[in-house]
Structures are given as structure tokens and as C-alpha cells.
Amino acid sequence: REQESEREERVAALLEELTADAAAHADAEFTPSESNLAGRRAALRAEMEGATELVGALAEALATIEVKLDDVEDAEPPEPSQIVVRTEEGIVRSLLLAARGGNRRGWAAALQALRDAELLPAKEEPEEGEEAPEEVQLDSLLSFCKQQLLSLLQTEYERVRGANQEEEERLRAEAEEAAAE
């Protein structure tokens, strides 16, 4: 009987140890980290959400683009007294071409141009002791929301270009009308 109780105690201790090991293993597997599936899935979800947020921010920023005019000094009829500034149209075109071609550098430069034009908020500076948030890469955007991104960029480019062309035609017509008088 003593041997039996010793054996039962050893079995109980072994079961307790195995249970603790299993629990530790389960914690390691199911607690998100870079090396396990849960961690990779959490990172992927965060990347997808970041891509979606960036497309939304781009949609808001591009929707604010309007026709901009500059005065022309010493303009003689039939020359218009104002010209259309096409800087923002060029930025949207650069975004579209970079997205279509998968050009990472062109994409980053066009995003920076949007920030410089104050159409897209500047990158947030991390607080002391924090890491800077990673910017969503073009590859991620194209992986997760390519259709939405390309559709948005194409639509906004056509809208901005069309508005600029209409305004140029209106200015030209006004200048010709003024020269005819």
C-alpha cells in the first residue's frame, strides 16, 4: 500500500507538471507574438486596418482638391489674365501611376507631396519612448484594397483634370471675348 500511495503521488505530481507544461505551451501558442500564428494574424489584421484607413484618408484628402488659379502679370489679350495651377492634379496623377506600376518610391514621394500641400495630415511624431507608427506600404495597399485604391485614384484624377480643363477653357474664352471687344 505504501508503494501504491507513493506511485499515486508520483503520478499526481507528473500530471500536475504535464498540466503546467501544457498550459505554458498553450499560452505561448495562443498569446500573440511575432513567432506564432496568433501574432502573425494580429499583425496582418492591423496592416489591413491601416491600409483601409489610409484609403479612407486619401479619399477625404483628394475630395478637397479644387481648381486653383494664379494671376498672370502683364497678360495681353487674347492671353488669359489667370492660369490654372495643376500641381495637385500632378500629385494625384503621380499617386495613380505609382499605384498602377507598384512604384514604392514614387508612391512615397507623392504621399509626401500631398502632406506638403497640407491635403493629407503630416506623419505623427512619436511621443518620447514610443516607436514611430509604421506607414502603410504600397504593397499592403495593393494586396488588401487594390480595386478601391485604383478606382479612387482614377476617379479623383479624372475629376480634378476635368475641372482644371473646364476652367482653362473658360479663362481662354473670356480672354478671347475680351480681345474681340
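The structure presented is a predicted model; accordingly, all values stated were derived computationally and were not measured. (Residues numbered from 1 in each chain as written. Predicted model: local features only at pLDDT ≥ 70, side-chain atom pairs only at ≥ 80, totals over all residues. Heavy atoms only, no water.)

A few words on the layout of surface pockets. Remark: the empty space left among the atoms is shown by a probe the size of a water molecule rolled over them. One number sums up the size of the second largest pocket: a volume of about 260 Å³. Lining the second largest pocket we find Ala 43, Ala 46, Glu 47, Gly 50, Ala 51, Glu 134, Glu 135, Val 136, Gln 137 and Ser 140. Residues belonging to the lining of the second largest pocket are distributed by class as follows: 4 nonpolar, 3 polar and 3 charged. (1 Å grid on protein atoms, 1.4 Å probe; cavity = no way out; pocket = protein on both sides within 12 Å on 5 of 7 lines; lining within 4 Å. Points joined across faces, edges and corners; volume = space filled by probe spheres on them. Nonpolar A, V, L, I, M, F, W, Y, C, P; charged D, E, K, R; others polar.)

This part is about empty space enclosed by the protein. Under the counting rule described, the total for this entry stands at 1 cavity of 30 Å³ or more. In this structure, the largest cavity spans a volume of roughly 40 Å³. If you list the elements that add at least two residues to the lining of the largest cavity, you get helix 3 (87-101) and helix 5 (138-180). Here the residues of the lining of the largest cavity sort into 4 nonpolar, 1 polar and 4 charged. (Helix = DSSP H or I, 4+ residues; strand = E, 2+ residues; numbered from the N terminus.)

Note on placement: Leu 69 falls in strand 1 (residues 68-71). Linking Leu 69 and Ile 83, residues 14 residues apart in sequence, is a C-alpha distance of 5.5 Å. Apart from residues no more than four positions distant in its own chain, Leu 69 is found in contact with Gln 82, Ile 83, Val 84, Val 85, Glu 167 and Leu 171. (Contact = heavy atoms within 4.5 Å.)

This part is about unusual backbone geometry. Look at Glu 118: it is not a glycine, yet its phi comes out positive at around 60°. A residue is classified by how much of its surface remains accessible, and Glu 118, at 71% relative accessible area, is exposed. (Buried < 20%, exposed > 50% of the residue type's maximum accessible area, 1.4 Å probe, protein only.)

On to the confidence of the model for the protein. Within the protein, residue pLDDT values average 86, and 94% of them lie at 70 or more. At the level of individual helices and strands, the protein shows its lowest average pLDDT in helix 1 (residues 2-30), which scores 78, and its highest in helix 3, which scores 96. (pLDDT = per-residue confidence, 0-100.)

Between its terminal C-alpha atoms helix 3 stretches 21 Å, which fits the 21 Å expected from 15 residues at 1.5 Å a residue. Buried within helix 3 are the following residues: Glu 88, Glu 89, Ile 91, Val 92, Leu 95, Leu 96, Ala 98 and Ala 99. The inward-facing, buried residues of helix 3 contact helix 2 (37-63), strand 1, helix 4 (104-116) and helix 5. Among the residues trailing helix 3, Gly 102 stands out with phi positive, at a value near 65°. (Expected span 1.5 Å × (residues − 1).)

Once that is clear, we can look at the side chain of Glu 156. Following the sequence through the fold, Glu 156 ends up in helix 5. According to the relative accessible area criterion, Glu 156 is buried, its value standing at 11%. If we ignore the near neighbours within four places in the chain, the residues touching Glu 156 are Leu 62, Ala 63 and Val 92.

Membership of the largest hydrophobic core comes to 30 residues, with the highest contact counts inside it found for Leu 58, Leu 95, Trp 107, Leu 114, Leu 141 and Leu 149. Secondary structure elements with two or more residues in this core: helix 2, helix 3, helix 4 and helix 5. Ranked by the residues each element gives to this core, the list is headed by helix 5, at 10 residues. For Trp 107, the residues in contact, after removing those within four places along its chain, are Leu 58, Leu 95, Ala 98, Ala 99, Leu 138, Leu 141, Leu 149 and Leu 153. (Core = buried A, V, L, I, M, F, W, Y, C linked by side-chain atoms within 4.5 Å.)

As a further point, take the pattern of salt bridges. Counted by the stated rule, this structure contains 8 salt bridges. The network of salt bridges with shared partners includes Arg 86, Glu 89 and Glu 168. (Salt bridge = Lys/Arg side-chain N within 4 Å of Asp/Glu carboxyl O.)

Turning our eyes to something else, we now look at the environment of Glu 53. Examined against the element boundaries, Glu 53 turns out to sit in helix 2. With 30 residues separating them along the chain, Glu 53 and Ile 83 place their C-alpha atoms 35 Å apart.

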